[in-house]
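For reference, the chains in residue letters:
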Amino acid sequence: MRLYVRRTRAALVAVAAGALVLTACSSGGGGGGKTTENKDARAKQSKSAQQLASQITFGDDAASKGPAEPVPGAVSGGTMNVLERDSYTHLDPAQIYVSNEGQLATLIHRGLTTYKLDNKGNYTVVGDLATNSGEQSDGGKTWTYHLKDGIKFQDGTPITSKDIRWSVERTFAPFATNGPVYLQQWLANVTGTDYRKLLPNGPYKGTHLPDTLLSTPDAKTVVFHFPKAQTDTPYLFAMPGYAVVDSAKDTQLKYDKAPVASGPYMIKNFDQGKSMTLVKNPNWDPNTDSARHQYVDSFAITFNHQNEDSTKRLMSDSGENQTSVSFDNTVDTDNTPTVVGTPAIYKRTVAGYQPFVGQIDFNMSKLTDINVRKALALAIPTKSVYQALGASYGAEYAGGFISPALAGYQKADPLGKVANPNGDQVAAKKILTDAGKLNTKITYAYANSSAGQQYSVAIAAALKTAGFDVQRKELPADTYYDLVGKVDNPYDMYAQAWGSDWPSALTVIPPVFDGRTIADQAPNYSHVNDPHINSEIDRISALTDPKQAQDAWFALNTYIETKVIPAVPTVYYKELQLFGSKIGGAVYNNMSAGIDATKLYLKP
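Residues numbered from 1 in each chain as written. Predicted model: local features only at pLDDT ≥ 70, side-chain atom pairs only at ≥ 80, totals over all residues. Heavy atoms only, no water.

Draft legend 1. Geometry of the overall build of the chain. Helix and strand counts for the chain come out as 18 helices and 22 strands. At 23 Å, the chain has a C-alpha radius of gyration in line with the 25 Å of a compact globule built from 604 residues. Considering only C-alpha atoms, the chain reaches an extent of 70 × 60 × 40 Å along its principal axes. Evaluated residue by residue, the chain yields a buried proportion of 62% over its 604 residues. A separation threshold of at least 6 residues defines the contact pool for the chain, and within that pool the share at least 24 residues apart is 74%. Summed over all atoms, the accessible surface of the chain reaches about 21,200 Å², with 51% contributed by carbon and sulfur. Looking at charge distribution, the chain has the averaged site of its 58 positive side-chain charges lying 4 Å from that of its 58 negative ones. (Helix = DSSP H or I, 4+ residues; strand = E, 2+ residues; numbered from the N terminus. Rg over C-alpha atoms; globule rule 2.2 N^0.38 Å. Buried < 20%, exposed > 50% of the residue type's maximum accessible area, 1.4 Å probe, protein only. Contact = heavy atoms within 4.5 Å. Areas by Shrake-Rupley, 256 points an atom, 1.4 Å probe, with all protein chains shown as cover. Lys, Arg positive; Asp, Glu negative; His and termini not counted. Charge placed at Lys NZ, Arg CZ, Asp CG, Glu CD.)

Right, here's the structure in full:
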């Protein structure tokens, strides 16, 4: 998923093979560059994402059985105020791929699987509508799901295998343009958008996927037959984009504004861009749900609260701000020193990793000389990006393109960007001199966000010192990805941030570095098309041993970073969030990259 300039993300997550959480390093991640670092605060934020990822397991029937583990001290009742910057553009699961919509989806939608976060901080992929995380056979090509008893939509209609089949098939329809496409591609055994040829009109003209790909032998059984082994299937079905849709009430495009809920809450009213009210779904049965709660009577969500506004309101903790929270907003950078440095306020925060890794891409359609790309990679001071995002409270220096939050993370720094975040302009200049490339002209495009403006100045200065002729080109933040996403764009380098859709490098390396996916607005912004990378992507994707695959992805990451150099990693994104004093149950969920809305309650 791309990082959206206004951090609607992700993620879960936004786009993998065509998704839409957009923009180069945004204000995602709280913090202030001048913050006096607080040891306790750093400990809270640096809780090992690597350990969290390593604990993720695929749950069996027992792990998937409801009700969810009670939140200590939780009580029911009341209205919780939610201060959000961005309104929800999409509510239809097939259109959901940005983070703020994914956060909302945990409250109103359910899928075959979901992530369960227990009170000890352990994550498990469990059966949500299904009895477990999935039963594989045929070497990982066939996955069978049995539906739980008592699962219903908000009007009391039972959820059956027909609804699951329908929900899958409608993602092939022409109107479904914003959601994830992994499942469609897996079933069609293709890359890109050719999957639509498998079922061009979805199920709306009476045609369906063949039983050789998707079968529903009875009302409670769903079987997926993939042409290739897909060992990440339990992760896939935890994506909000594959949640269930009521087949009898599917209004196609109109469903995007008025979906039928299957989760613990349903939409009472929604005034686009202004407000939304969620109330309890009377037909959600806690005994069928091992991951969610329904403590709060209602959520009163209002939009257009910039990070500074929501931070100041929550810092004040006055009146209704005591019962307020934000699902998605971060602590703004200017107020981070006060938040972190004031114990009474800091105790009302949660922190963790976002799934994003920042990188500066080199347009390989233009920068064909690897010596030029290597010199750029060595010279760029990633410290400027780190500081612009709030230093240790908003970022961590990146040594590679794979986040610490992913399974099997291996710490490495082949380009020395962690060891020397100021860059090595002397070494870069020698490379240019030896290659006869001094004064190579570089058109450097950057977003006119506050962070983009801040770090671009330092980067341009460092490149000039290294012997480049740098021309900075400011681009509007709201159309930044539209401009750099064109294959024939006129820029030599530009920043982006990409986040995994689940804790596997399968959702990072292929979408960003597969040369066969080069197209306008595709996430291979560097236009790298290396035969070894392409063949390794195919080989690793077919591996059925998770540990083997993890090791292979990291080896490929090193090859990309040192032998091809289509980009340079800058930072791993982090986040600090604040809430009112009467908010209970607040914990950070690394899988949804934000405060876990399913555990919240109001203190008496």
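Draft legend 2. Seen up close, the pattern of salt bridges. The tally for this structure, following the rule as stated, stands at 23 salt bridges. Between Glu308 and Lys312 there is a salt bridge; the shortest N-O distance is 3.0 Å. Taken together, the positions of Glu308 and Lys312, both in helix H8 (residues 307-316) and 4 residues apart, correspond to about one turn of that helix. Residue class for Glu308 comes out partly exposed when judged on its relative accessible area of 41%. Owing to a relative accessible area of 46%, Lys312 belongs among the partly exposed residues under this scheme. Across the pair Asp514 and Arg516 runs a salt bridge whose closest N-O atoms are separated by 2.9 Å. We classify Asp514 as buried; its relative accessible area is 4%. Residue Arg516 is classed as partly exposed on the basis of its relative accessible area, which comes to 41%. A network of salt bridges, in which partner residues are shared, links Arg110, Asp128, Asp289 and Arg292. (Salt bridge = Lys/Arg side-chain N within 4 Å of Asp/Glu carboxyl O.)

Draft legend 3. Geometry of the pairing of strand S16 (residues 469-475). Sheet topology places strand S15 (residues 441-447) next to S16; 7 bridges connect them, and they run parallel. Bridged to Ala447 within S16 is Leu475. Between the parallel elements S15 and S16, the chain passes through helix H14 (residues 450-465) in a crossover that is right-handed. (Pairing = 2+ DSSP bridges. Right-handed = clockwise from strand over helix to strand, strands pointing away.)

Draft legend 4. Examining the sheet that holds strand S3 (residues 113-117) more closely. Taken together, 3 strands build an open sheet; the order of strands is S1-S4-S3 and the sheet is mixed. Whereas interior strands pair on both sides, the edge strands pair on one side only; in this sheet they are strand S1 (57-58) and S3. Note that S3 and strand S4 (residues 123-127) share 5 bridges and pair antiparallel. From the neighbouring strand, Tyr115 faces S4, where its bridge partner is Val125.

Draft legend 5. Layout of the packing of aromatic side chains. Within this structure, the stated rule accounts for 26 aromatic pairs. Geometry around Tyr255 places Arg170 over its ring, the cationic atom sitting 5.4 Å from the centre. (Phe/Tyr/Trp six-rings, centres within 6.5 Å; stacked < 30°, edge-to-face > 60°. Lys NZ or Arg CZ within 6 Å of the ring centre and 35° of its normal.)

Draft legend 6. Highlighting the side chain of Glu561. On the secondary structure map, Glu561 appears in helix H18 (residues 546-564). Although buried, Glu561 forms no salt bridge, and the nearest oppositely charged side chain, Lys417, lies 8.8 Å from it. Apart from residues lying up to four places away in sequence, Glu561 is in contact with Gly399, Gly400, Phe401, Pro414, Leu415 and Pro569.

Draft legend 7. Local environment of helix H17 (residues 531-541). The set of residues buried in H17 consists of Ile533, Asn534, Glu536, Ile537 and Ile540. Buried residues in H17, looked at end-on, bunch into an arc of 165°, giving them a common side. Of the surrounding secondary structure, the elements contacted by the buried residues of H17 are helix H16 (509-513) and H18. Sitting at the amino-terminal end of H17 is Asp530, which places a side-chain oxygen 3.1 Å from the backbone nitrogen of His532. (Arc of directions from axis to C-beta. Polar contact = N/O pair within 3.5 Å; in protein donor to acceptor, adjacent residues only side chain to side chain.)

Draft legend 8. Here's a closer look at the pairing of S4. Across the 5 residues that make up S4, a large majority, 5, are buried. Where S3 folds back onto S4 in an antiparallel hairpin, the turn is made up of 5 residues, including Gly121, whose phi is positive at roughly 90°.

Draft legend 9. A look at unusual backbone geometry. A cis amide bond links Gly66 with the next residue in sequence, Pro67, at an omega value of 0°. You can see Pro67 is positioned in the loop between helix H3 (61-64) and strand S2 (79-83). Phi is positive for Asp138, close to 55°, though the residue is something other than glycine. Its place among the elements puts Asp138 in the loop between strand S5 (135-137) and strand S6 (142-146). Residue Gln252 is not a glycine yet carries a positive backbone phi of 55°. Assignment of secondary structure puts Gln252 in the loop between helix H7 (233-236) and strand S9 (265-271). Look at Gln252 and you get partly exposed, because its relative accessible area is 34%.

Note that all results are geometric; they support no functional claim without further evidence.
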